[in-house]
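# Coordinates in review
Residue strings, one per chain:
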Amino acid sequence: MQPSKAVRKISVAHSPDSDDAFMFYGLATNKLDTGAINFTHVLKDIQTLNEEAMRGTYDVTAVSFHVYAYIADKYALLPHGASIGDKYGPIVVSGEPLKPEDLSSVTIAVPGTLTSAFLALKIYNPDLKYEVVPFDKIIDAVENGKCGAGLLIHEGQLFYERIGLHKVLDLGEWWHEETGLPLPMGGNVIKRDLGLETMREVSRLLRESI
């Protein structure tokens, strides 16, 4: 009788938004046979995940592609679960109708300075004023007048019109007009120091979950 493999604990961090919930559902609900790997799940907003990735906190984590340039020495990019906008991307919305050129006169609520959405906004116009607000509070900040506009990511992009907000700018559309290319937003990464065998097995399981 062969001895059983020691169980290895792998921390997986992702945001609570719907696409991440879908991707990690199979693992989080124990619907997959993960063998000798025991996954623990941590839910954080994307700016926090980016900051924790800079510190190397979690074994596997969702990150903005913006931050990957700073963590590529510690983490490898996984080949699945990425978010890419094809003529679609983060949307700047306002309470009152605004034109894109009006954005320089207001403060924009943004979901974090390490997000790809923020990087795209800064490429669009480096001089815009902004305030960091948790991604799920940005609509509130616009509705209550705390900020003149908000940079929406995740599901807020889908329902802002139904609550009376106005689209000022779709950064995915703008990026396609400028480059002809899709806009890379975020992906999943895994710690290099786990070793190639473990990295490959975790990658296989995450793909199965998706």
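Placed above this text is the structure.
These remarks concern the structure in this document. (Residues numbered from 1 in each chain as written. Predicted model: local features only at pLDDT ≥ 70, side-chain atom pairs only at ≥ 80, totals over all residues. Heavy atoms only, no water.)

### As for the sheet that holds strand β6 (residues 91–94)
Across the sheet, which stays open at both edges, the five strands sit in the order β8-β7-β9-β6-β10 with mixed pairing between neighbours. In this open sheet, the two strands that pair with only one neighbour each are β8 (129–132) and β10 (166–170). Looking at each pair of strands side by side, their axes are set apart by 30 degrees on average, direction ignored. In this structure, β6 lies alongside strand β9 (residues 149–152), joined through four bridges in antiparallel fashion. In the strand pairing of β9, Ser-94 is matched with Ala-149. Running over the sheet, helix α7 (residues 171–179) touches β9 and β10 and is turned about 30 degrees from β10. (Pairing = 2+ DSSP bridges. Helix = DSSP H or I, 4+ residues; strand = E, 2+ residues; numbered from the N terminus. Axes fitted to C-alpha atoms, helices over the stretch in contact; angles between N-to-C directions. Contact = heavy atoms within 4.5 Å.)

### Topic: the nonpolar core
With 26 residues, the main nonpolar core has Val-92, Leu-103, Ile-108, Leu-121, Leu-151 and Leu-171 as its most contacted residues. Looking at this core, the elements that each hand over two or more residues are α2 (46–55), β7 (107–110), α4 (116–124), β9, β10, α7 and β11 (183–191). The element contributing the most residues to this core is α4, with four residues. Once residues lying within four places of it in the same chain are set aside, the contact partners of Leu-103 are Val-92, Ile-108, Leu-128, Ala-149, Val-168 and Leu-169. (Core = buried A, V, L, I, M, F, W, Y, C linked by side-chain atoms within 4.5 Å. Buried < 20%, exposed > 50% of the residue type's maximum accessible area, 1.4 Å probe, protein only.)

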